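Coordinate inspection notes
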Amino acid sequence: MSNSNFSKETMYIHKGYKTGDHQDSLAVPLYQTSTFAFDTAEQGERRFAGEEPGGIYSRLGNPTVQVLEERIAAMELGEGALAFGSGMAAVSTILVHLTKSGDHILCTRGIYGCTFGLLKILKEKYDISHDLKTLITEEEIENAIKPNTTCIYIETPINPTMEIVDIEQITKVAKKHGIPVVVDNTFSSPYLQNPIELGADFVLHSATKYINGHGDVIAGILVGRDKGEMETIRGTVQKDFGGIISPFDAWLLIRGLKTLHVRMDRHSENASKVFDFLKAHPSVEHIYYPFDVDNPQYHVAKKQMKAGGGLISFTIKGGVKEAQKLMNELKLIKIAVSLGDAETLIQHPYTMTHSVVPEKERLEMGITGGLLRLSVGLENSSDIIEDLQQALSNM
Ligand code: LCS
């Protein structure tokens with residue numbers, strides 16, 4: 001399939017692959033190989049010189065990985081994509097690419113715990129500073145940009161507080177200053193939100209989550225609006241830091257992508273029913289969900305997201321002890337980090353995903369002891385609600 005005139009859902013299934021080029025195999029073949037044999041020494045020389053297409057070594061490119069990259073680039077409306085062995089490999093690659101010693105990274109008020117850990121390393125070892133700021137109004141964005149800011153890095157919805165920032169507004173201000181914007185789109189998946197369409201320069205995913213969708217792969221994806229720049233990253237930071245994906249994991253992601261749209265519709269439908277239940281429950285103190293009409297950023301969520309997604313965060317009365325008790329009362333819902341799987345998962349960000357963030361910053365991000373994050377799965381929504389109901393009634 002060579003053109004992109006088809007709708008998104010069709011591209012998820014066909015983009016980047018022609019059966020005729022692969023012995024008519026319907027499924028994308030798995031090229032589980034570390035290296036590629038050259039016909040002659042001169043051919044090897046030409047491939048290394050970039051004068052002839054073809055395989056060299058799987059850290060530099062692999063046909064199975066290439067199908068995945070083409071497919072996701074199209075899904076995110078970018079010109080090029082790179083696949084990685086984890087979401088964090090994608091995050092670290094783009095941050096290393098966009099910064100040098102003395103530069104500054106501007107981030108949303110909250111970010112994933114390990115991204116926070118990476119920023120700390122960059123600061124302590126390489127003198128690359130960062131700020132975590134509320135970036136809701138145009139004035140806040142303008143005021144947060146420094147003369148040495150070389151990258152604006154945002155999550156929306158933010159993990160785990162589900163805060164929304166206006167991608168279009170941030171990219172508009174960033175463009176005035178010539179600063180590239182990176183959006184971590186993990187929580188929405190390429191089906192619910194496309195930041196490049198809203199002006200972002202790079203989009204990344206922990207593909208471990210919705211893109212794979214089956215809880216059996218750790219992987220990352222980086223998509224860029226500029227093909228040349230993506231090829232530069234492939235030939236430099238990705239190649240030499242080496243955080244590439246394995247062909248088998250790429251193959252599993254290709255399989256997962258075929259049902260992304262179907263899964264995301266059901267995740268969103270289930271989550272919206274669970275949200276209605278939790279919002280009305282007297283033991284739930286606060287609830288955070290993009291499509292909550294009482295969410296101050298509801299209008300922004302509606303503008304940039306196709307649906308509310310599968311994630312809900314909420315606080316219960318009390319703190320760590322009460323949150324842990326609720327989790328221990330659950331019978332169906334699994335206590336586990338990660339998200340975007342068929343199974344409904346619950347985790348406690350304060351003691352789990354964001355425990356590496358020092359307490360002061362954790363609280364500034366809105367991560368309190370009573371906060372729980374629920375990744376609503378694909379089970380029957382009544383069963384999920386019933387499990388929450390019985391656990392809450394035992395509190
Ligand atoms: N970005 C976001 C927003 C994430 O939630 C995660 C992982 C990453 C990047 C890193 O991706 P990974 O290397 O794990 O593929 N988030 C996790 C979470 O919330 N629970 O467990 C992992």
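Residues numbered from 1 in each chain as written. Predicted model: local features only at pLDDT ≥ 70, side-chain atom pairs only at ≥ 80, totals over all residues. Heavy atoms only, no water.

**Thoughts on the overall build of the chain**
The condition is simple: We count a stretch as a helix when DSSP gives it H or I for four or more residues in a row; a strand needs E for two or more, and each element gets its number in order from the N terminus. The size measure is the radius of gyration over C-alpha atoms, and the globule rule it meets is 2.2 Å times the number of residues to the 0.38 power. Throughout this description, buried means an accessible area under 20% of the type-specific maximum (1.4 Å probe, protein chains only), exposed means over 50%, and partly exposed covers the range between. Contacts between residues were defined by any pair of non-hydrogen atoms, one from each residue, lying within 4.5 Å.
Secondary structure assignment for the chain yields 15 helices and 12 strands. Against the globule reference of 21 Å for 395 residues, the chain gives a C-alpha radius of gyration of 21 Å, in line with a compact fold. Across its three principal directions, the C-alpha atoms of the chain cover 75 × 50 × 35 Å. Taking all 395 residues of the chain together, 54% fall into the buried category. The long-range fraction of contacts in the chain, counting pairs at least 24 apart against all pairs at least 6 apart in sequence, stands at 72%.

**Some remarks on the packing of helix α11 (residues 260-280) against helix α15 (residues 381-393)**
Defined as follows: For helices, the fitted line uses only the C-alpha atoms of the stretch in contact; every axis is such a line through C-alpha atoms, and the angle between N-to-C directions lies from 0 to 180 degrees. Orientation is classified from the angle alone, with under 35 degrees giving roughly parallel, over 145 giving roughly antiparallel, 65 to 115 giving roughly perpendicular, and any other angle giving oblique. Crossing handedness is read from the near helix: turned anticlockwise from the far helix by less than a right angle, it gives a left-handed crossing, and turned clockwise, a right-handed one.
Across the interface, α11 lies against α15 with an axial gap of 9 Å and an inter-helix angle of 25 degrees. Relative to α15, α11 is oriented roughly parallel. Note that α11 runs across α15; the crossing there is right-handed. Along its contact with α11, which presents Asn 270, Lys 273, Val 274, Phe 277 and Leu 278, the element α15 presents Ser 381, Ile 384, Ile 385, Leu 388, Gln 389 and Leu 392.

**So, the UniProt feature "modified residue: N6-(pyridoxal phosphate)lysine" (unreviewed entry) in the chain**
Selection rule: UniProt positions are given in the numbering used here, feature names are shortened, and annotations may be inferred rather than shown by experiment.
Following the UniProt record, the feature "modified residue: N6-(pyridoxal phosphate)lysine" (unreviewed entry) maps to Lys 209 here. The residues contacting Lys 209, other than those within four sequence positions of it, are Thr 186, Ser 338, Leu 339 and Gly 340.

**Quick notes on helix α5 (residues 113-126)**
This is how it is decided: Helix span, as expected, comes to 1.5 Å for every residue beyond the first.
Between its first and last C-alpha atoms α5 spans 20 Å; for 14 residues at 1.5 Å apiece the expected length is 20 Å, and the two agree. Buried within α5 are the following residues: Gly 113, Thr 115, Phe 116, Leu 118, Leu 119 and Leu 122. Contacts made by the buried residues of α5 are with α4 (87-98), β2 (104-108), β3 (129-133), β4 (149-155) and α14 (359-364).

**Brief notes about the site of the ligand**
How we decide: The near set for a molecule or strand comprises every residue that places at least one heavy atom within 4 Å of it. Between N or O atoms, a polar contact is any pair within 3.5 Å; within protein, one atom must be a potential hydrogen donor and the other a potential acceptor, and residues adjacent in sequence are included only when both atoms are from side chains. Residue-level accessible areas treat just the shown protein chains as cover; the underlying method is Shrake-Rupley with a 1.4 Å probe. Only protein atoms enter the 1 Å grid, on which a cavity is a set of points fitting a 1.4 Å probe that cannot get out and a pocket is an open set with protein on both sides within 12 Å along at least 5 of 7 lines, lining residues being those with an atom within 4 Å of a point. Whether a molecule lies in a cavity or pocket depends on its atoms, and more than half of them have to be within 2 Å of the grid points. Note that Gly is not counted as nonpolar here; it falls among the polar residues with everything else outside the nonpolar set of Ala, Val, Leu, Ile, Met, Phe, Trp, Tyr, Cys and Pro and the charged set of Asp, Glu, Lys and Arg. Per the annotation, domain bounds derive from an automatic or database assignment of domains.
Taken together, 17 residues sit near the ligand, with Asp 184, Ser 206, Thr 208, Lys 209 and Arg 373 positioned nearest. Here Met 88 contributes a backbone N or O atom positioned 2.9 Å from an oxygen atom of the ligand. Ser 338 places a polar main-chain atom, nitrogen or oxygen, 2.9 Å from a nitrogen atom of the ligand. Burial of the ligand by the protein amounts to 92% of the accessible area it has alone, namely 480 Å². Judged by the fraction of its atoms near the pocket grid, the ligand is located in the second largest pocket. In terms of residue class, the shell around the ligand is built from 5 nonpolar, 8 polar and 4 charged. When residues of the shell around the ligand are sorted by domain, at least three fall in each of domain 1 (3-30 + 61-257) and domain 2 (261-393).

**A look at the domain arrangement of the chain**
To keep things clear, this is the line we draw: Values labelled buried area give the accessible surface lost by two parts on being combined, using a 1.4 Å probe and summing over both. Take a side-chain nitrogen of Lys or Arg and a carboxyl oxygen of Asp or Glu: if they are within 4 Å of each other, that pair is a salt bridge.
Parsing the chain into structural domains produces domain 1 (3-30 + 61-257) and domain 2 (261-393). Put simply, the middle of domain 1 and the middle of domain 2, counted by C-alpha atoms, are 24 Å apart. Counting from both sides, the interface comprises 40 residues of domain 1 and, opposite them, 40 residues of domain 2. Buried area between domain 1 and domain 2, summed over both chains or domains, comes out near 3,300 Å², and the portion from carbon and sulfur atoms is 63%. Between the two partners, domain 1 and domain 2, sit 2 salt bridges. For Asp 166, the salt bridge identified is with Lys 303, shortest N-O distance 2.9 Å. Run the count over domain 1 and domain 2 and you get 16 residue pairs in polar contact (both at pLDDT 80 or more).

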